Amino acid sequence: EVQVVESGGGSAQPGGSLRLSCAASGFIFSSYWMHWVRQAPGKGLVWVSRINPDGSSTNYADSVKGRFTISRDNAKNTLYLQMNSLRVEDAAVYYCVISLGSSRGEDSWGQGTLVTVSS
Amino acid sequence: DIVMTQSPLSLPVTPGEPASISCRSSQSLLRSNGNNYLHWYLQRPGQSPQVLIYLGSNRASGVPDRFSGSGSGTDFTLKITRVEAEDVGFYYCMEALQAPVTFGQGTKLEIK
């Protein structure tokens, strides 16, 4: 069974840091693009970042560029999101997504991990 | 960035009746390979989103055939032939043509 499980969410102060992890299983992790998508409380879905299968190419939303870093460890089947200089507006549920927008309809989403940012 | 605009944003529907959601993109999502890079997702209450339709008109695995997607270029539609109680939630269109990937605002489908 294809599965991704996020962890690392929690509370941080503005200007602080958090590192999210996403443990993948049930598929060949090293073959797929991986994405982070977030959803603020009561709001819609917002794409955050993506990384290609071997980790050599990354993209970011303008709102997080320079502050967040996506990475992956294919040996550990794990995706990461290092979040620095956190802002109140970064508070959201962060979803790890396999192959978002797949041309074969193979998208699969984790259950999400909640990040709160407040002083 | 591509802007995705959905309508309506709220959709009350009587069970057994049809429903339709429109999604427009600020630029064409049609590539030279003939694919429209437009996808539809449903987020049921308290759940993660799941893909319903990919590349504009293809039902994802396990999605009931009462769901269908159509359109090309900049105008797309999601249709439900007969709404059931389990269809309540937020529907999002999403373009996957380029980074950054962008979503529509979401349409809340509720049962009358």
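These lines cover the structure that appears in this document, whether it is placed above or below. Because the structure is predicted, anything quoted here is derived from the model rather than measured.

**A closer look at the packing of aromatic side chains**
Inference 1: Tallying each qualifying case throughout the model produces seven aromatic pairs over all chains.
Inference 2: Their ring planes at 70° and their centres at 5.6 Å tell us that A:Tyr95 and A:Trp109 sit as a pair that is edge-to-face. Remark: A:Trp109 occurs in strand β10 (residues 108-109) and A:Tyr95 occurs in strand β9 (residues 92-98); sequence separation between them is 14 residues.
Inference 3: One aromatic cluster is present, formed by A:Tyr95, A:Trp109, B:Tyr41 and B:Phe103 through successive ring pairs.
Inference 4: Across from the ring centre of A:Phe29, 4.3 Å away, lies the NZ or CZ of A:Arg72, which sits over that ring.
Inference 5: It is B:Arg31 that lies over the ring of B:Tyr37; its NZ or CZ is 4.7 Å from the centre.

**Examining the pairing of strand β5 (residues 45-51) of chain A**
All names here are of chain A.
Inference 1: Of all seven residues in β5, six are buried; the element is thus mostly enclosed.
Inference 2: Relative to β5, strand β4 (residues 34-39) is paired through six bridges, and the arrangement is antiparallel. The partner of Gln39 across the bridge, within β5, is Leu45.
Inference 3: Joining the antiparallel neighbours β4 and β5 is a turn of five residues, in which Gly42 adopts a positive phi near 75°.
Inference 4: Where β5 meets strand β6 (residues 58-60), three bridges bridge the pair, whose relative direction is antiparallel. Across the sheet, Ile51 pairs through a bridge with Thr58, a residue of β6.
Inference 5: The turn joining β5 and β6, which pair antiparallel and follow one another in sequence, is formed by six residues; a positive phi near 85° is taken by Gly55.

**Some points on the side chain of A:Arg38**
Residues and elements named next belong to chain A.
Inference 1: Mapped onto the elements of the fold, Arg38 is located in strand β4.
Inference 2: A polar side-chain atom of Arg38 sits 2.9 Å from a polar atom in the side chain of Asp90.
Inference 3: At a separation of 3.0 Å, a polar atom in the side chain of Arg38 contacts the side chain of Tyr94.
Inference 4: In contact with Arg38, not counting residues within four places along its chain, are Gly44, Leu45, Val46, Val48, Ser63, Val64, Phe68, Glu89, Asp90, Ala92, Val93 and Tyr94.

Definitions and limits used
Residues numbered from 1 in each chain as written. Chains lettered and ligands numbered in written order. Predicted model: local features only at pLDDT ≥ 70, side-chain atom pairs only at ≥ 80, totals over all residues. Heavy atoms only, no water. Phe/Tyr/Trp six-rings, centres within 6.5 Å; stacked < 30°, edge-to-face > 60°. Helix = DSSP H or I, 4+ residues; strand = E, 2+ residues; numbered from the N terminus. Lys NZ or Arg CZ within 6 Å of the ring centre and 35° of its normal. Buried < 20%, exposed > 50% of the residue type's maximum accessible area, 1.4 Å probe, protein only. Pairing = 2+ DSSP bridges. Polar contact = N/O pair within 3.5 Å; in protein donor to acceptor, adjacent residues only side chain to side chain. Contact = heavy atoms within 4.5 Å.

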